[in-house]
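Residues per chain, in single letters:
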Amino acid sequence: MSGSVVVVGSVNLDVSVTVDRLPAPGETLLGGTVRRSGGGKGANQAVAAARAGSARTAMVGAVGDDPEGAALRASLESDGIDCSCLRTSAAPTGTALITVDRSGENTIVVAAGANDDVRLDEASTALVRSADVVLAQLEIPQQTVLAAARARRAGAILVLNAAPYAAVDPELLAAVDLLVVNEHEALGLSAASTVDEAVPALLASVPAVLVTLGAAGARLDRRGGATTVVPAPRVEAVDTTGAGDTFCGVLGAAIARGDDDLTALRHAAAAASVAVEGKGAQDAVPSAAQARERALAAYGLGEADLRG
Ligand code: ATP
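In this text the structure is predicted, and so the values were computed from the model without any measurement.

A.B. asks: Please explain the site of the ligand as it appears in this structure.
C.D. replies: Around the ligand sit 19 residues, and of these Asn182, Thr212, Gly214, Gly217 and Thr240 come closest. At 2.8 Å from an oxygen atom of the ligand is found a side-chain nitrogen or oxygen belonging to Thr212. Here Gly242 contributes a backbone N or O atom positioned 3.3 Å from an oxygen atom of the ligand. About the coverage of the ligand: the protein hides 84% of its 630 Å² of free accessible area. When residues of the shell around the ligand are traced back to their parent elements, those giving at least two are helix H8 (243-256) and helix H9 (261-275). When grouped by side-chain class, the residues that make up the shell around the ligand number eleven nonpolar, eight polar and no charged.

See the structure below:
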């Protein structure tokens, strides 16, 4: 594989406030200073793939015709991401309202705006067709993700991060090569009560399932194959916003360059552990060098072990 990743997904402005504890329903709390930063699962994962050194990363999505949209586009371009298929829509740029408590736990409400307008046109279909890995999430219409799944060339891998949690169109699920879910999503999609039960249930629909397990790391199961487990490096979590996105983007880049499962998981978990040590989503995504340093230290490896 040549290592190209095309992300089909959302671009949001993240507006976040730190609070001592998350508010209860109906409650008003005083928080810290408001912080505005680049977000959206699609854009976060594109940034993570680009910083992980994917040979080419491109973004298919939409922003509003507003200053936020222009700033988010410029920021993605500054990470070397091809934004030729990031359309400007009549709807406002997507916005996520985030609260983060002292332990790093968060709640997020997303106003989709332009993300609801993401469709595949001729140019974005051609871009998807050029990808080694198509990486998608559920913050844009599932019909668009399905169109991307159909447009990918034979041999390209569709990684679907089924987040935020939603029922997945069976036709889309049938097209997925690798499903990435957190524990909550794994249980929701399988109606199981433990991850051990959820994985075989999900493997009935998709050939491979990766479940991220927060501070416990992640596991990858392939239908009829072995389970690959990776522990998360132990760190002091400051803000877990974007941990899953960092994991998915780095994983996508690793798969696109042909890493084996264990190596890909180590790169992803190492990068995600750095991401939880910093505030914000894209702001906290590490460079390839930072993530590599973490992987070497956390897993007691030599350089050769990270070439999968
Ligand atoms: P989020 O929605 O907060 O971005 P998520 O719920 O999608 O995350 P998680 O399973 O919580 O997904 O985290 C994704 C990955 O990030 C984990 O598999 C792990 O590698 C890493 N991670 C998350 N939390 C921690 C932590 N406290 N310490 C180290 N690594 C972590």
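A.B. asks: Help me understand the pairing of strand E12 (residues 218-222) in this model?
C.D. replies: Regular strands place their side chains on alternate faces of the sheet. Among the five residues in E12, four count as buried, and that is most of the element. In the sheet, strand E11 (residues 208-212) pairs with E12 via five bridges, with the strands oriented antiparallel. In the strand pairing of E12, Ala208 is matched with Arg222. Counted between consecutive antiparallel strands, the loop separating E11 from E12 contains five residues, among which Gly214 sits at a positive phi close to 55°. One ladder, built from four bridges, connects E12 with strand E13 (residues 227-230); its direction is antiparallel. Its bridge partner lying in E13, Arg219 is registered against Val229. Taken together, E12 and the strand that follows it, E13, pair antiparallel across an intervening segment of four residues, in which Gly224 is found at a positive phi of about 75°.

A.B. asks: Before we go on, may I ask you to explain the nonpolar core in this structure?
C.D. replies: Soluble globular proteins tend to pack their nonpolar side chains together in the buried interior. One finds Leu76, Leu178, Leu210 and Leu251 to be the most contacted residues of the largest nonpolar core, which totals 50 residues. With eight residues, H8 is the largest single contributor of residues to this core. Setting aside chain neighbours within four positions, we find Leu178 in contact with Leu158, Val159, Leu160, Ala208, Val209, Leu210, Leu220, Leu251 and Ile255. Core analysis: the second largest hydrophobic core is formed by 40 residues, Ala136, Val145, Leu173 and Ala175 among them.

A.B. asks: Help me out: how do you make sense of the sheet that holds strand E4 (residues 56-64) in this one?
C.D. replies: To summarise the sheet geometry, strands pair through backbone hydrogen bonds and adopt either a parallel or an antiparallel arrangement. An order of E5-E4-E1-E8-E9-E10-E11-E12-E13 is seen for the nine strands of this open sheet, with the pairing classed as mixed. The strands lining the two open edges of the sheet, one partner per strand, are strand E5 (82-89) and E13. Averaged over all adjacent pairs, the angle separating strand axes in this sheet is 15°, with direction ignored. In the packing of helix H2 (residues 67-78) onto the sheet, the strands contacted are E4 and E5, and the crossing angle to E5 comes to about 170°.

A.B. asks: Explain the pattern of salt bridges to me, please; I cannot follow it from the model alone.
C.D. replies: Charged atoms that come close allow side chains of opposite charge to pair. Inspection of the entire model under this criterion finds 16 salt bridges. Residues Asp20 and Arg102 are paired through a salt bridge, measuring 2.8 Å at the closest nitrogen-oxygen approach. Linking Asp20 in the loop between strand E2 (12-18) and strand E3 (35-39) with Arg102 in the loop between strand E6 (94-100) and strand E7 (106-111), this pair joins segments that are 82 residues apart in sequence. Residues Asp20 and Arg102 agree in their burial class; the two are exposed. One salt bridge connects Arg153 with Asp132, and the closest N-O pair in it is separated by 2.6 Å.

Cut-offs used in this document
- Once a new chain begins, its residue numbering starts again from 1 and follows that chain's sequence as written.
- The predicted nature of this model means local features are confined to residues of pLDDT at least 70 and side-chain atom pairs, given and counted, to a pLDDT of 80 or more, with totals for whole chains, interfaces and linings taken over all residues.
- Hydrogen atoms and water are omitted, and side-chain values are computed over all heavy atoms in the structure.
- The cutoff for a nearby residue is simple: one of its non-hydrogen atoms must lie within 4 Å of the molecule or strand.
- N or O atoms within 3.5 Å of each other form a polar contact, as long as, within protein, one can give a hydrogen and the other can take it, and as long as residues adjacent in sequence are counted only when both atoms are side-chain atoms.
- Under the convention used here, a 1.4 Å probe and the Shrake-Rupley method define accessible areas, while residue burial counts only the protein chains that appear.
- Helix and strand labels come from DSSP, where a helix needs a run of H or I of at least four residues and a strand needs a run of E of at least two; each type is numbered from the N terminus.
- Any residue outside Ala, Val, Leu, Ile, Met, Phe, Trp, Tyr, Cys, Pro, Asp, Glu, Lys and Arg is labelled polar, Gly included; the first ten of those are nonpolar and the last four are charged.
- Burial status follows relative accessibility: with a 1.4 Å probe on protein chains alone, a residue under 20% of its type maximum counts as buried, one over 50% as exposed, and anything between as partly exposed.
- For two strands to be treated as a pair, DSSP must find no fewer than two bridges joining them.
- In this description, a nonpolar core means a group of buried Ala, Val, Leu, Ile, Met, Phe, Trp, Tyr and Cys residues linked to one another through side-chain atoms lying within 4.5 Å.
- By definition in these notes, contact holds between two residues if any of their heavy atoms fall within 4.5 Å.
- Note on geometry: axes are C-alpha line fits, over the in-contact stretch for helices, and angles between N-to-C directions span 0 to 180 degrees.
- For salt bridges, the criterion is a side-chain nitrogen of Lys or Arg within 4 Å of an Asp or Glu carboxyl oxygen.

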